Amino acid sequence: PGPPELDVVAHVRRLPRAAADGSLALIVLHDTTALRRAERMRADFVANASHELKTPIAGLAGFIETLRGPARDDTAARERFLGIMAEQADRMRRLVDDLLMLSRIEQHEHARPDTAIEIDRVLKGVLDLLQLKAGSRKVALELSVEPDLPAAVGDYDELTIVFQNLVDNALKYAKPNTTVRVSARPMGRDRIAVAVADEGDGIPANHLPRLTERFYRVDAARSRQLGGTGLGLAIVKHIVNRHRGRLDIQSTPGKGSTFTVMLPAAD
Ligand code: ADP
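Rules behind the numbers
- Residues numbered from 1 in each chain as written.
- Predicted model: local features only at pLDDT ≥ 70, side-chain atom pairs only at ≥ 80, totals over all residues.
- Heavy atoms only, no water.
- Axes fitted to C-alpha atoms, helices over the stretch in contact; angles between N-to-C directions.
- Helix = DSSP H or I, 4+ residues; strand = E, 2+ residues; numbered from the N terminus.
- Parallel < 35°, antiparallel > 145°, perpendicular 65-115°, else oblique.
- Left-handed = near helix turned anticlockwise from the far one by under 90°.
- Contact = heavy atoms within 4.5 Å.
- Nonpolar A, V, L, I, M, F, W, Y, C, P; charged D, E, K, R; others polar.
- Polar contact = N/O pair within 3.5 Å; in protein donor to acceptor, adjacent residues only side chain to side chain.
- Buried < 20%, exposed > 50% of the residue type's maximum accessible area, 1.4 Å probe, protein only.
- Expected span 1.5 Å × (residues − 1).

J.: Can you help me understand the packing of helix 2 (residues 75–107) against helix 6 (residues 232–242) in this one?
T.: Helix-helix packing is characterised by the crossing angle of the two axes and by the distance between the axes. Put simply, helix 2 and helix 6 touch, their axes get as near as 10 Å, and they point 20° apart. Comparing their axes, helix 6 and helix 2 come out roughly parallel. Note that helix 2 runs across helix 6; the crossing there is left-handed. In contact with Asp98, Met101, Leu102, Ile105 and Glu106 of helix 2, helix 6 contributes Ala234, Ile235, His238, Ile239 and Arg242. Along the lines of polarity and charge, the residues of the contact of helix 2 with helix 6 split into 6 nonpolar, 1 polar and 3 charged.

Written out as structure tokens, the structure reads:
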């Protein structure tokens, strides 16, 4: 007898030769717990993804009806509704982009990226891309890279996605008039560490272990309002795993969070 959550499939076979009287049987037990859990997770994922898509679809359908009927001749209302509809379409596009990204990474989960990557180039690219957003949220964005930082072993595009997600989150959850600091340093002899630190809401400790699960959010309404899909950290975790790296999350509610990615360094 195993723990109650264990799934076991048993096959029982008579052994006709070994026991002419039929008193002996071969019992084969298959532990299918992991398989069942994976099936359940997949079913939950499909249900969650469908639900996330259904909400903006329902919103769009509602606005189309209103535009066809009561708001047909109301120019101001029409403009406002079209703006909201564009936002809903954008939300669906982001969600589908993230879903496709996750599925692409999963397909190559066991291949190990092996190019020497200058991480300061990746980080500069990401910061350039997000500088405008930082400005609009009144958050300063700083980069510091230790001199003589070894190259990382990895994939340029995937590492860009990792830091884009982490810096984007830091900007989303930072308080206005604070600084998001991105820093890279060597770690021991064969790794480098990149930290993204914000002075934002912080995350209560009980949420930390589940933060990288797909669609897991501390505050779903806030995440959606900030344009989040709930998939960013799941994508980060998958890519970091594929790089044989590690993701460490430190957070103090009310003070801020630091997400640190450790990557193998090139020789
Ligand atoms: P989302 O698209 O909702 O931001 P993520 O997978 O990127 O999804 O993050 C999951 C959740 O983790 C977020 O909804 C948010 O609650 C929390 N989170 C992520 N980054 C931060 C951060 N820098 N500060 C506070 N909370 C964060």
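Next comes the rest of the account.
J.: What should I look at first to understand the side chain of serine 257 in this one?
T.: With respect to the element layout, serine 257 can be found in strand 9 (residues 256–264). Side chain to side chain, serine 257 and serine 251 meet in a polar contact 2.9 Å long. Apart from residues lying up to four places away in sequence, serine 257 is in contact with Val196, Ala197, Asp198, Gly202, Ile203, Gln250 and Ser251.

J.: For this particular structure, what's the right way to read unusual backbone geometry?
T.: For residues other than glycine, phi is negative in most cases, and the peptide bonds are mostly trans. Even without being a glycine, asparagine 177 presents a positive backbone phi close to 65°. Although it is not a glycine, phenylalanine 215 adopts a positive phi angle of roughly 65°. Inspection of the secondary structure puts phenylalanine 215 in the loop between strand 7 (191–198) and helix 5 (220–225). With relative accessibility at 11%, the residue phenylalanine 215 sits in the buried group.

J.: Hey, could you run me through helix 2 in this one?
T.: Since the α-helix advances by 3.6 residues per turn, residues separated by three or four positions end up pointing in the same direction. When the terminal C-alpha atoms of helix 2 are compared, their 48 Å separation across 33 residues agrees well with the 48 Å that a helix rising 1.5 Å per residue should span. Against helix 1 (33–68), helix 4 (156–173) and helix 6 lie the buried residues of helix 2. Residue aspartate 74 occupies the N-cap position of helix 2, its side-chain oxygen lying 3.3 Å from the main-chain nitrogen of alanine 76.

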